[in-house]
Amino acid sequence: MDVDVIAGNYAAVQERIARAAWDAGRDPNEITLVAVTKTWPAEIVLAAYEVGMRHFGENRPEELAPKRQAVEAALGSGSGIVWHFIGAAQSRKTDLVAAHADVFHALDRLKIARRLSAALTTLGRTLPTLLEVNVSGEASKAGFNCSHWEADAAQQADLLAAAAAVNELPGLQLCGLMTMAPWEAPPAEIQTVFRRTRLLAAWLQERLPQVEWSSLSMGMTDDFELAVAEGATHVRVGRALFGERQE
Ligand SMILES: *Cc1c(COP(=O)(O)O)cnc(C)c1O
């Protein structure tokens, strides 16, 4: 893909984020654009870097590790790039996530947290981590079940217990929530899921004030403006920057 095309896409996405932020009375600088480069080769990351992108998102550990290595071979380790791991970390792959991710968006099980913590402790690394919450209630979605969190005491208790346990684990630094919008839902419904996720973070902030629940990772190519309207601090955008994936 041409660097000029990527530059144009980048400018267009940044402008859409800025407009959505202004409409919501927010400062666009509060929002980190995570460029999702999954399935794209390291050369695309380098082109994106050249036009100014610094935050990259990957969803498979076995893809992140060699891609990061290739990019660092070209740019050195002081490039300023932050690698966001946005997929599920299966337990067999936690060592790779611990070694190569700088931020983990999708912690959805205590078992994974324990494995990551052990690996991070060995490596002497700290990993800022977001809990993935399933607010839409879709069965196909990962994340802690928060489908009726406002009214369901069991869901509240489960999430609080998990968050408190994760917060005790060395190496993991809890910093917020991540969610996925429902598939093919009307915009109002998607926005409601994002709003309920923001309110859930505020709810957690009151009950677990020792954690800073400040990161809200929500919004992708089809819905990032709705997410910005509802307080997203990280939007994870692939296709609007790089085009359709070949998968
Ligand atoms: C692929 C992916 C994205 C980016 O999706 P686009 O529709 O290409 O913007 C965002 N978040 C997660 C978790 C993903 O797996």
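Residues numbered from 1 in each chain as written. Predicted model: local features only at pLDDT ≥ 70, side-chain atom pairs only at ≥ 80, totals over all residues. Heavy atoms only, no water.

**Brief notes about the environment of A164**
Move 1: Tracing the backbone through its elements, the reader meets A164 in helix α6 (residues 153-168).
Move 2: For A164, a relative accessible area of 30% translates into the label partly exposed.
Move 3: In sequence terms A164 and Q210 are 46 residues apart; their C-alpha atoms lie 9.6 Å from each other. (Helix = DSSP H or I, 4+ residues; strand = E, 2+ residues; numbered from the N terminus. Buried < 20%, exposed > 50% of the residue type's maximum accessible area, 1.4 Å probe, protein only.)

**Quick word on the site of the ligand**
Move 1: Close to the ligand lie V36, K38, N59, I86, M180, M220, T221, R236, V237, G238, R239 and R245, which account for all nearby residues.
Move 2: Interatomic distance of 2.7 Å between a side-chain N/O atom of R245 and an oxygen atom of the ligand.
Move 3: Relative to its unbound accessible area of 390 Å², the ligand is 93% covered by the protein chains.
Move 4: Of the residues belonging to the shell around the ligand, the class tally is five nonpolar, three polar and four charged. (Near = heavy atom within 4 Å. Polar contact = N/O pair within 3.5 Å; in protein donor to acceptor, adjacent residues only side chain to side chain. Areas by Shrake-Rupley, 256 points an atom, 1.4 Å probe, with all protein chains shown as cover. Nonpolar A, V, L, I, M, F, W, Y, C, P; charged D, E, K, R; others polar.)

**Comments concerning helix α2 (residues 42-50)**
Residues that lie three or four places apart on an α-helix share one face, since the helix turns once every 3.6 residues.
Move 1: Listed as buried for α2 are A42, I44, V45, A47, A48 and Y49.
Move 2: Just downstream of α2, G52 is the residue with a positive phi angle, here 120°.

**Description of the side chain of T37**
Move 1: You can see T37 is positioned in the loop between β1 (32-36) and α2.
Move 2: T37 sits in the buried class, given a relative accessible area of 0%.
Move 3: Those residues in contact with T37 that lie beyond four places of it in its chain are V45, F56, G57, E58, E63, K67 and F242. (Contact = heavy atoms within 4.5 Å.)

**What about the pattern of salt bridges?**
Pairing of side chains with opposite charge becomes possible as their charged atoms draw close.
Move 1: Inspection of the entire model under this criterion finds 19 salt bridges.
Move 2: For E225, the salt bridge is made with R16, and the minimal N-O distance between the two is 3.0 Å. Here the residue E225 occupies a position in helix α8 (residues 224-229), and R16 occupies one in helix α1 (residues 3-23), the gap between them amounting to 209 residues.
Move 3: The class for E225 is partly exposed, based on a relative accessible area of 31%.
Move 4: Between E230 and R198 there is a salt bridge, with its nearest N and O atoms 2.7 Å apart. (Salt bridge = Lys/Arg side-chain N within 4 Å of Asp/Glu carboxyl O.)

**Considerations on the packing of aromatic side chains**
Move 1: Counted under the stated rule, the structure contains three aromatic pairs.
Move 2: Seen from their ring centres, F56 and W83 are 5.8 Å apart, and the 40° between their planes marks the pair as tilted. Within this pair, whereas F56 is found in strand β2 (residues 55-58), its partner W83 is found in strand β3 (residues 82-85), the two being separated by 27 residues in sequence. Considered together, F56 and W83 belong to a single accessibility category, that of buried residues.
Move 3: Cation over ring: R54 sits above Y49, and NZ or CZ is 3.6 Å from the ring centre. (Phe/Tyr/Trp six-rings, centres within 6.5 Å; stacked < 30°, edge-to-face > 60°. Lys NZ or Arg CZ within 6 Å of the ring centre and 35° of its normal.)

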